[in-house]
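Summary of structural features
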Amino acid sequence: MHSNEDIDAEETDLLLPDVLDADLYNEQLNQNVEVGIESEEIMPLWKAIKAYPMAIFWCLVVSMCVVMEGYDTVLIGNFYAYPTFAQKYGNYFPGVGYQLTAAWQAGLGNAAGIGAFFGVLANGYLVNSFGQKPVLIGSLFVLSCFIFMTFFAPNIIVLCVGEVLCGLPWGVFASTAPAYASEVLPLSLRVYLTTYTNMCFIIGQIIAAGILDGLVHLSTEWSFRIPFGLQWVWPAFLIPLLFFAPESPWHLVRIGRLEEAEKSLLRLQRKSAGIDVKHTLATIVHTNKLEEELAIGTSYWDCFKSFERRRTLIACFAFGGQVLSGLNFAYNSTYFFQQIGLSTSQTYRLNLGGTAIALLGTLLSWFLLLPYFGRRTIYLWGMATMCVILLLIGVLNVRTTSNGVATTQAVLTLVWTFVYQLTVGQLGWAIPAEIGSTRLRQRTVCVARNAYYIVSVIAGALEPYFMNPTQWNLKGYTAFVWSGTAMLTFIWAYFKLPETKGRRYEELDILFANDVPARKFETFQVDAYRAEQMEDFDARPLVTSDKLVRGARSAIAG
């Protein structure tokens, strides 16, 4: 790679129209790219934080939209054990008390996920047409209207419909936040702010757990209506703030608005950082041109063509693996606590403590794991550990008549929560946001998130039947089921999950285009920028079909 001193400033001074019209192998374009890449590669974490404060700020703001989905996830799931909620929307069972039937538990628990599925699907089209900023603002307005249905719901049917409708904008938020972070940040900050979306889920859960614990002893309907009403707070301050957010420069390049992309890049970094945005812009343009030559389109169908199919499936399994690791059983498991004999007060205090442990796990992951270990390594070890914990919970269920054993099971779910947020909970967001090609990033995240919702709906439909005392009443034995799915996910990850830590998007394009095995990603060498080197290849690492993919492997310098 050229050093900055090897390249004369005049040689790299491309005008915006020249950047747009330049061939992928144009030497001047590639020299601009090399300067931009070198400055990004040698930038340590703290320097990146100082250079891109506004990019970090806007990522934090966009991700805050996800707080509401995390908030509602805890709200609905924990209302099942909430006395006043059960009296309002449930039925009385002799010897058991007020309970929502397993069917309605499954319906309410999955309602928002079903809405989010269609919201995510629509988001892929909306962002491609309008950009991330207007879609986010519009979704917040829509959510403000739908909250009225859940707040004033006179019966469980209206409540369920309201949850479905609220799920539509939540799906938009969950699929936009990680994609936005991956497009406005340098390489060294990418994993932290894509996983911050997961942190926002936890923040929402902590808020919900605290509110539920504070209102559980209130004997009127306000004990569950107040938590619904508090959801109006987020749109009230996020809508005016997002009006000032910059649009993603990658989106602007894809639609040919380079001047606006340059202005967006200028807004994302500190002027005193000494970073020439034209070099960064050239890098974005180069990657976009590379993907155009790889015949990568921008439709949902393109996510399943040629080598993009592999990338999409990895994103789907990484996201869906969050559920398959035992999420519906062990995370925020107040209903499980209740079924093994803990009191209502103990149940909600454990829930609040578990959410705080989740936050701790996320913070420790940022500082102790993500800077030093690869995505693949963390995901594998996390999945294996959770599998063992679930197995222990199931084995202990033989002696649940003992209070000490029931407490041990509850503690193990908290340990599971800590491990989950330390590993898979984080990377389930980061991997889909960086594994897809840049032209398909938004749609790849959308497809992956919908894979999560599909698995979540199936798990959410089964879990009430596993746990409900009027149905299968498996209690802790349910852990055996999720231990099995966690093991299957571990096996998939061992053979199929590649290492993406430290890889630039254009490097990933070439690695996937040449069908490099997952276990060789970490050590495989690629240089995508030396125009003269690329022209020396007998076959350029640019392919348009599966047949050419296989034939071009030897063209990569390795």
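Refer to the structure presented above.
Let me sum up the structure you'll find in this document. The structure presented is a predicted model; accordingly, all values stated were derived computationally and were not measured.

**A word on the overall build of the chain**
Of regular secondary structure, the chain possesses 27 helices and two strands. Burial analysis of the chain (558 residues in total) assigns 59% to the buried set. Nonlocal contacts in the chain, meaning residues at least 24 apart in sequence, comprise 80% of its contacts between residues at least 6 apart. Split by element, the accessible area of the chain, about 21,400 Å² in all, is 63% carbon and sulfur.

**Considerations on the packing of helix 20 (residues 375-396) against helix 24 (residues 478-496)**
Following both chains from N to C, one finds helix 20 and helix 24 inclined at 160 degrees, their axes separated by 8 Å at the closest point. Taken together, the axes of helix 20 and helix 24 lie roughly antiparallel to each other. Both helix 20 and helix 24 take part in a crossing whose hand is left-handed. Here helix 20 contributes Arg376, Tyr379, Leu380, Met383, Ala384, Cys387, Leu390, Leu391, Ile393, Gly394 and Val395 to the contact with helix 24, which in turn contributes Ala479, Phe480, Trp482, Ser483, Ala486, Met487, Thr489, Phe490, Trp492, Ala493 and Tyr494. Partitioned by chemical class, the residues of the contact of helix 20 with helix 24 number 18 nonpolar, three polar and one charged.

**Comments concerning unusual backbone geometry**
Its identity is not glycine, yet Ser306 carries a phi of approximately 45 degrees, on the positive side. Turning to its location among the elements, Ser306 is positioned in the loop between helix 15 (277-293) and helix 16 (308-324). The phi dihedral of Asp515 falls on the positive side, at around 55 degrees, and the residue is not glycine. Residue position: Asp515 is located in the loop between helix 25 (505-513) and helix 26 (531-536).

**Observations concerning the environment of Trp429**
One can find Trp429 in helix 22 (residues 424-435). Residue Trp429 is classed as buried on the basis of its relative accessible area of 3%. The spacing of Trp429 and Phe319 is 110 residues in sequence and 6.8 Å in space, taken between C-alpha atoms. The contacts of Trp429, once residues within four sequence positions are left out, are Ala174, Pro178, Thr194, Thr197, Asn198, Phe201, Phe319, Gln322 and Arg449.

**Quick notes on a nonpolar patch on the surface**
Together, Leu218, Trp222, Ile226, Leu230, Val233 and Phe237 make up an exposed nonpolar region whose accessible area comes to about 510 Å². Among the elements of the structure, helix 11 (222-229) and helix 12 (233-242) are those that each provide at least two residues to the nonpolar patch. Summarising the element assignment, Ile226 is placed in helix 11. Taking the relative accessible area as the measure of exposure, Ile226 reaches 33% and is therefore partly exposed.

**Quick word on the state of the cysteines**
A full pass over the atoms with the stated rule returns zero disulfides. Looking at Cys200, it has no disulfide partner, and the nearest cysteine sulfur is the one in Cys65, 8.8 Å off. What makes Cys200 buried here is its relative accessible area of 0%.

**Here's the deal with the pattern of salt bridges**
Tallied over the entire structure, the rule returns 15 salt bridges. A salt bridge links Glu69 to Arg449, with the shortest nitrogen-to-oxygen separation between them at 3.4 Å. Separated by 380 residues along the polypeptide, Glu69 in helix 5 (residues 67-79) and Arg449 in helix 23 (residues 441-467) bring together distant segments of the chain. With respect to class, Glu69 is no different from Arg449; both count as buried. A salt bridge links Arg310 to Asp515, with the nearest nitrogen and oxygen atoms 3.5 Å apart. One end of the pair, Arg310, is in helix 16; the other, Asp515, is in the loop between helix 25 and helix 26, with 205 residues separating them in the sequence.

**A closer look at the nonpolar core**
Counting 109 residues, the largest nonpolar core has Phe173, Leu185, Leu242, Tyr379 and Trp416 as the members making the most contacts within it. When sequence neighbours within four positions are dropped, the list of residues in contact with Phe173 reads Cys65, Val66, Met68, Leu136, Ser139, Leu140 and Leu143. In this structure, Leu75, Leu108, Cys160 and Phe224 belong to the second largest nonpolar core, which totals 24 residues.

**Some remarks on the packing of helix 23 against helix 24**
Put simply, helix 23 and helix 24 touch, their axes get as near as 10 Å, and they point 150 degrees apart. As far as their axial angle goes, helix 24 and helix 23 are roughly antiparallel. Across the interface between the two elements, Ala459, Glu463, Phe466 and Met467 from helix 23 touch Thr478, Val481 and Trp482 from helix 24. Taken together, the residues of the contact of helix 23 with helix 24 break down into five nonpolar, one polar and one charged.

About the criteria used
Counting of residues starts from 1 at the beginning of each chain's written sequence and follows it residue by residue. This being a predicted model, a pLDDT of at least 70 is required before a residue's local features are given, and a value of 80 or more before pairs of side-chain atoms are given or counted; all residues contribute to the totals for chains, interfaces and linings. Excluding hydrogens and water, the side-chain figures rest on all heavy atoms present in the structure. The secondary structure listing takes helices from DSSP runs of H or I that are at least 4 residues long and strands from runs of E that are at least 2 residues long, numbered from the N terminus. Partly exposed residues are those whose accessible area sits between 20% and 50% of the maximum for their type, while under 20% is buried and over 50% is exposed, using a 1.4 Å probe and protein chains only. Contacts are assigned to residue pairs that have any heavy atoms within 4.5 Å of one another. In these tables, accessible area is a Shrake-Rupley quantity obtained with a 1.4 Å probe, and a residue counts as shielded only by the protein chains included in the view. Orientation is described by lines fitted to C-alpha atoms, with helices fitted over the stretch in contact, and by angles between N-to-C directions that extend from 0 to 180 degrees. Any angle that falls under 35 degrees is termed roughly parallel, while one over 145 is termed roughly antiparallel, one within 65 to 115 roughly perpendicular, and all others oblique. Less than a right angle of anticlockwise turn of the near helix away from the far helix marks a crossing as left-handed, whereas a clockwise turn marks it as right-handed. The residue classification treats Ala, Val, Leu, Ile, Met, Phe, Trp, Tyr, Cys and Pro as nonpolar and Asp, Glu, Lys and Arg as charged. All others, Gly included, are polar. Only residues whose relative accessible area exceeds 30% and that form no salt bridge are eligible for patches; like-charged ones are grouped when within 9 Å, while nonpolar side chains (Val, Leu, Ile, Met, Phe, Trp, Tyr) are grouped when within 5 Å. The rule for a salt bridge is simple: a side-chain nitrogen of Lys or Arg has to be within 4 Å of a carboxyl oxygen of Asp or Glu. The disulfide definition used here is simple: a pair of cysteine sulfur atoms within 2.5 Å. What is meant by a nonpolar core is a set of buried Ala, Val, Leu, Ile, Met, Phe, Trp, Tyr and Cys residues, joined one to another through side-chain atoms within 4.5 Å.

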